[in-house]
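This is what each chain is made of:
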Amino acid sequence: MLTPITIVYLVILACVLALVVWNLFTEKKFTNQITAAMVTIPLILRLLLIK
Amino acid sequence: MKKHTITALLLTVVVAAVCVYSGNLFLSLRADDVIIPSKDLTEVRMLSDYLPKLKGTRGDTAIYIFKGEEEGGKALVLGGTHPNEPSSYTSAVILVENAKVTVGTLYVIPQAARSAFTHNDSQEASPLYVHFENSKGEVRKFRYGSRAVNPIDQWPDPDVYEHASSGQLLSGSETRNLNRAYPGREDGNLTEQVAFAITEMIKKENIGLTFDLHEASPEYPVINATVAHEKSMDFAAFGLFELDMYGIDMALEPSPVNLHGLTHRELGDYTDTYPLLMETANASQGRLRGATNEKLALDGKDKFYVSAGELGMLYVPYDENGHPIEERVGRHLQGVLSYTAAYNDFSGTPIVIENVPMYEEMIAAKVGDYLN
Amino acid sequence: MRKFLSLILALCLVFSFAAFAQEPADEPITFEGPYVVTSAGQSADYKMVSTMLKMNKVENYTEEALLSPDNIPADVKTIIIVIGGSSKGLGAAGIDAEQELARIEKLIAYAQEKEIVILAMHIGGMARRGDLSDKFIEPVVAVSKACLVVEDANTSDQLFDTLSEKYEVPMTYFAKKSDGAKVLAEILK
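Residues numbered from 1 in each chain as written. Chains lettered and ligands numbered in written order. Predicted model: local features only at pLDDT ≥ 70, side-chain atom pairs only at ≥ 80, totals over all residues. Heavy atoms only, no water.

Mind showing me how you'd approach the overall build of chain A here?
The helix and strand tally for chain A stands at two helices and zero strands. Taking 10 Å as the expected radius of gyration for a compact globule of 51 residues, we find that chain A reaches 12 Å, considerably beyond that expectation. Along the first, second and third principal axes, the C-alpha set of chain A runs to 40 × 15 × 10 Å. Burial analysis of chain A (51 residues in total) assigns 29% to the buried set. A total of about 3300 Å² of accessible surface is found on chain A, and carbon and sulfur atoms cover 81% of it. (Helix = DSSP H or I, 4+ residues; strand = E, 2+ residues; numbered from the N terminus. Rg over C-alpha atoms; globule rule 2.2 N^0.38 Å. Buried < 20%, exposed > 50% of the residue type's maximum accessible area, 1.4 Å probe, protein only. Areas by Shrake-Rupley, 256 points an atom, 1.4 Å probe, with all protein chains shown as cover.)

Help me understand the pairing of strand β12 (residues 274–281) of chain B in this model?
A regular strand places its side chains on the two faces of the sheet in alternate fashion. Residues and elements named next belong to chain B. In terms of residue burial, β12 counts as a mostly covered element, since seven of its eight residues are buried. One ladder, built from eight bridges, connects strand β9 (residues 209–216) with β12; its direction is parallel. Pairing of T210 across the sheet is with P275, part of β12. (Pairing = 2+ DSSP bridges.)

Teacher, can you tell me more about unusual backbone geometry here?
Comment: phi is negative for the bulk of residues other than glycine, and the bulk of peptide bonds are trans. A cis geometry characterises the amide bond from W155(B) onward to P156(B), with omega recorded as -5°. As for its position among the elements, P156(B) is in the loop between β6 (139–143) and β7 (160–162). Residue P183(B) follows Y182(B) across a cis peptide bond; omega there is 0°. Looking at the secondary structure, you find P183(B) in the loop between β8 (169–171) and α3 (190–205). Here the phi dihedral of L49(A) falls at roughly 55°; this positive angle occurs in a residue that is not glycine.

I keep staring at the packing of aromatic side chains and nothing clicks. Help me out?
To describe a pair of aromatic rings, one takes the distance between the centres and the angle between the planes. Residues and elements named next belong to chain B. Summed over the entire model, instances satisfying the criterion amount to 10 aromatic pairs over all chains. An aromatic cluster of at least three residues, connected via ring pairs, comprises Y89, F117, F132 and F142. Positioned above the aromatic ring of Y129 is the side chain of K141, whose terminal nitrogen or guanidinium carbon lies 4.2 Å from the ring centre. Its guanidinium or amino end placed over the ring of Y274, K231 lies 5.4 Å from that ring's centre, counting from NZ or CZ. (Phe/Tyr/Trp six-rings, centres within 6.5 Å; stacked < 30°, edge-to-face > 60°. Lys NZ or Arg CZ within 6 Å of the ring centre and 35° of its normal.)

Would you mind showing me how to read the arrangement of the chains here?
Of all two pairs of chains that touch, the greatest number of contacts is found between chains B and C. Regarding chain A and chain C, the two do not touch, and the least distance separating their C-alpha atoms is 36 Å. (Contact = heavy atoms within 4.5 Å.)

Help me understand the side chain of N150(B) in this model?
Residues and elements named next belong to chain B. For N150, the position within the fold is in the loop between β6 and β7. Residue classification places N150 among the buried positions, given a relative accessible area of 2%. A polar atom in the side chain of N150 sits 2.9 Å from the side chain of T118. If sequence neighbours within four positions are ignored, N150 has contacts with S115, A116, T118 and H119. (Polar contact = N/O pair within 3.5 Å; in protein donor to acceptor, adjacent residues only side chain to side chain.)

I'm lost on helix α2 (residues 45–55) of chain C in this one. Help?
Since the α-helix packs 3.6 residues into each turn, any two residues three or four apart lie on the same face. Judged by how many residues are buried, α2(C) sits mostly within the fold: nine of 11 residues are covered. Following α2(C) by one or two positions, K57(C) adopts a phi angle in the positive range, close to 60°.

Looking at this structure, I do not really get the packing of helix α1 (residues 4–26) of chain A against helix α1 (residues 3–28) of chain B. What am I missing?
The geometry of a pair of packed helices is captured by two quantities: the angle between their axes and the separation between those axes. For the pair α1(A) and α1(B), the least separation of the axes is 7 Å and the interaxial angle reads 135°. If you check the angle between α1(A) and α1(B), you find them oblique. In contact with L24(A), F25(A) and T26(A) of α1(A), α1(B) contributes H4(B), T5(B), A8(B), L9(B), L11(B) and T12(B). For the contact of α1(A) with α1(B), the class distribution of residues is five nonpolar, four polar and no charged. (Axes fitted to C-alpha atoms, helices over the stretch in contact; angles between N-to-C directions. Parallel < 35°, antiparallel > 145°, perpendicular 65-115°, else oblique. Nonpolar A, V, L, I, M, F, W, Y, C, P; charged D, E, K, R; others polar.)

Below is the structure:
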């Protein structure tokens with residue numbers, strides 16, 4: 001059951017995820033792209049309420 | 001297409017692959033373990049029968065009931081209060097898969113904190129499963145789980161957890177610890193609701209004797225021990241004598257009156273049951289452990305604990321033989337049998353449990369030998 | 001006259017032998033009730049000792065985890081102090097180890113003043129050794145008439161052997177807790 005605070009949390013999470021993905025695609029340096037890619041993994045799993 | 005866009009797309013594919021793989025692993029933990037009850041099982045209820053709002057949540061869990069032909073007392077065994085203490089859950093499963101009750105009634109909840117079976121503790125490198133081969137050569141698989149309820153099911157943790165009925169303050173993560181939530185709250189969080197439902201069940205069914213099975217790291221002072229509410233002390237001391245004669249070295253510890261939320265305190269205070277909590281030694285949850293894997297969870301062999309034992313830093317003897325799951329399960333099962341026998345003399349409302357392996361039988365066999 | 005003196009000396013010799021015969025050096029130590037059982041360290045091992053007394057059908061005993069001069073039964077002849085520290089037990093009693101030690105010292109002083117005999121017991125084995133438990137061992141053993149110990153507690157460092165020698169307190173070792181009932185049956189009158 002999603003409580004109101006969980007919904008707010010997930011919205012914030014979605015925003016952060018969107019920014020990281022935007023960063024992944026605009027970043028020129030490959031190592032920074034890898035970092036962004038790694039950061040997205042836990043964010044996606046949490047957004048989908050898997051982990 | 002620009003070079004960095006190509007690399008971003010490639011990384012997106014990698015991320016998707018990792019998410020699918022790890023997501024499947026995490027989701028697989030939500031599938032319930034298979035428990036194959038003994039033919040003498042008389043009924044299965046759900047915890048939501050005692051608190052309907054638990055229905056459909058991962059707080060709801062099965063209650064296996066063995067009713068004897070003769071009326072008598074009633075006992076409850078709680079396994080899996082902390083799933084990452086595998087001898088607790090395994091002992092409860094062995095009871096469900098073997099027990100026959102001739103007098104009185106036995107209730108077994110193998111997965112008291114069912115939600116806590118659906119994830120692992122972060123950064124502990126715990127195994128996902130433990131496996132046992134039964135006498136037919138089939139492999140039985142049980143989840144290893146976590147100490148606390150899954151944050152997916154109960155979120156967020158407060159900075160400080162305030163125990164509802166006492167006002168006791170604990171660290172925020174303890175808010176998902178079932179054994180800090182008793183007697184629970186009907187309108188509380190999921191953990192408190194589970195605790196409330198178990199308390200309600202004890203009251204409604206008039207359960208006289210309650211066991212809560214646990215494990216602890218070898219460096220924890222209360223280990224190879226039974227913690228008893230003051231009202232359980234007299235018969236527990238008799239039960240301990242029997243355990244000693246079976247070669248089980250067990251300490252008897254009084255339940256602190258000012259440590260709240262635990263079964264051995266709150267179930268004794270808030271219900272008429274006589275609660276006992278038993279602890280065995282589990283290296284896989286200790287801080288001194290080496291490689292954390294299924295092998296360690298099952299055989300308890302760890303060279304670092306052997307060294308710590310030689311230095312006198314542990315509260316249990318520790319040598320190269322470790323503390324295998326058979327020994328730990330044997331202690332729990334013999335504890336249930338011996339304390340129940342002592343309770344029978346004390347209360348005059350007997351519970352007779354048959355067909356459960358005793359300590360000597362368990363240490364001479366494999367856990368799988370007692371799984372269906 | 002010399003014959004008379006010789007006769008007197010011979011009789012003295014005979015009587016002195018008889019006196020020695022009546023009090024052999026290795027007469028078993030015994031304790032007399034009423035008994036009171038208490039803990040030093042607040043482990044529940046004292047409950048086990050009470051259970052041993054019940055099993056031996058001893059009726060003239062009471063138990064009090066926090067025994068002190070204020071609540072000691074008036075007619076008590078032997079205090080059985082069961083040594084073993086327990087953090088959970090101290091928590092249950094709402095005291096710390098230092099307060100527990102102070103209580104024990106006060107109780108010992110009272111017992112010595114009233115000439116009440118102390119029987120020390122340590123039945124917890126290695127599980128009741130270590131920093132917390134060890135601080136209660138020497139003060140109790142030092143003033144005891146005898147000490148009964150599960151031998152495992154003495155194996156690693158021979159602490160009880162050392163204390164036995166230092167304070168001339170006879171030790172009786174037994175293998176398991178459950179053997180304690182038999183040992184107690186032999187020494188309680």
